[in-house]
Amino acid sequence: MKKIAFIGLGNMGSPLCQRLLLKYNVDIFDINKSNLKRLETLGGRIVKDLQTIANNDFIFLCLPTSDIVESLIIGNQGLAKHLKKGTSIIDMTTGEPKITRKIENILSKKGINFVDAPVSGGPKGALNGTIAIMAGCKEDHYEKIKPLLNVISENVFHTGDVGSGHSLKAGNNLLNLICRIATFEVVSLLVKDGIDPNTAVEVIQKSSGRNYATEITLPDNILSGKMFQGFTTGLMNKDATIALNNGELLKTDLPLGKLSKKILQETIEEFGLEADMSNIALTFEDKNQIRLRPID
Ligand code: NAD
């Protein structure tokens, strides 16, 4: 039987771990004990220290940032000190390719495998078993971990070598931000010209300007008045920053990415880092003196 552990059982880690618990016993660890209680009722075994976690063969992580992952693994009291050769660490954090490659470089010298396997599709996609998982590692190691990742989701992709999963995830989210802002901008113009926002979105969705914002974001979250997507401005800001930092490192020009992040910043200044991403619509409404949400 595979020995499996999961560290970081927050909004995203919890449903990912819940999928693993359908098939395996899982050791669970989090600095916030209250996040472990529900998973314990589903069969998770609460573990109190990293030394015990290190006894497992596959250790999943879903933590806020790569800095936290780095200190948890190779910090002074880190997990690496206790790990045995052949262990696989599967990092589902939305992380930074540069830090990921640095950690992998250190661990591979000890015979420990480190894979970046970030996800896209939110907690709901995780629970449904459809979340996209982007695994960055060598081909032979991918074959070893794929059956485990398939317990979490049917949509698992090998994106290339270590770091490529984190790079692709951040790139995807930067593209989502750019498309969203471009769509809000154009729909604001059309509304100002007297067109009903529902008509504008419906027609664009059947025309060449269609994208995720016309298919999902606007109809489901804004035009419906729900104003909730379940993804914060702070997380989007983190992801856009990762992609832009990667662009700087690779000397790639990203003018639209930089501008979109600047516009996101205006929403963050007004509503904070914990605000739902739907709040960007309010920034466009204010700027252009229009209404995208339904009139109450
Ligand atoms: P969260 O804040 O809800 O959960 C993070 C968990 O990590 C918390 O339970 C926290 O106590 C724990 N933690 C922090 N430091 C720790 C440490 N040193 N040791 C052990 N546990 C520690 O965040 P989340 O929404 O679950 O996001 C986790 C990751 O998943 C992030 O990188 C995020 O970008 C990514 N992600 C989130 C979503 C989403 O919709 N929430 C979607 C895709 C990807």
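Residues numbered from 1 in each chain as written. Predicted model: local features only at pLDDT ≥ 70, side-chain atom pairs only at ≥ 80, totals over all residues. Heavy atoms only, no water.

Structural notes on helix α12 (residues 255–271)
Given 3.6 residues per turn, any residue in an α-helix points the same way as the ones three and four places further on.
Part 1: Spanning 17 residues, α12 covers 25 Å between terminal C-alpha atoms, matching the ideal 24 Å at 1.5 Å per step.
Part 2: Taken together, the buried positions of α12 are occupied by G257, S260, I263, L264, T267 and I268. With its buried residues spanning 155° around the axis, α12 presents them on a single face. In this structure, α12 carries K262 and E269 as exposed residues pointing more than 90 degrees from its buried face.
Part 3: Summarising the contacts, the buried residues of α12 are in contact with α8 (164–192), α11 (233–249) and α13 (280–288). (Helix = DSSP H or I, 4+ residues; strand = E, 2+ residues; numbered from the N terminus. Expected span 1.5 Å × (residues − 1). Buried < 20%, exposed > 50% of the residue type's maximum accessible area, 1.4 Å probe, protein only. Arc of directions from axis to C-beta. Contact = heavy atoms within 4.5 Å.)

Considering the side chain of T100
Part 1: On the secondary structure map, T100 appears in helix α5 (residues 97–108).
Part 2: Judged by its relative accessible area of 1%, T100 falls in the buried class.
Part 3: T100 has contacts with S66, F114, D116, V162, G163 and H166, leaving out every residue within four places of it along the chain.

Thoughts on the domain arrangement of the protein
Part 1: With domains assigned, the protein is organised as domain 1 (4–162) and domain 2 (167–288).
Part 2: With centres defined by C-alpha atoms, the gap from domain 1 to domain 2 works out at 29 Å.
Part 3: Opposite the 12 residues of domain 1 that make contact, domain 2 presents 10 residues.
Part 4: Regarding the contact of domain 1 and domain 2, the summed buried area is about 940 Å², with carbon and sulfur atoms giving 65% of it.
Part 5: Together, T94, P97 and M134 form the three largest contributors to the area buried by domain 1 at its contact with domain 2, with a combined 44%.
Part 6: Where domain 1 packs against domain 2, one counts zero salt bridges.
Part 7: Connecting domain 1 to domain 2 are three residue pairs in polar contact (both at pLDDT 80 or more).
Part 8: Counted by class, the side of domain 1 that touches domain 2 contains five nonpolar, five polar and two charged residues. (Domains from an automatic or database assignment. Buried area = accessible area lost by both parts, 1.4 Å probe. Salt bridge = Lys/Arg side-chain N within 4 Å of Asp/Glu carboxyl O. Polar contact = N/O pair within 3.5 Å; in protein donor to acceptor, adjacent residues only side chain to side chain. Nonpolar A, V, L, I, M, F, W, Y, C, P; charged D, E, K, R; others polar.)

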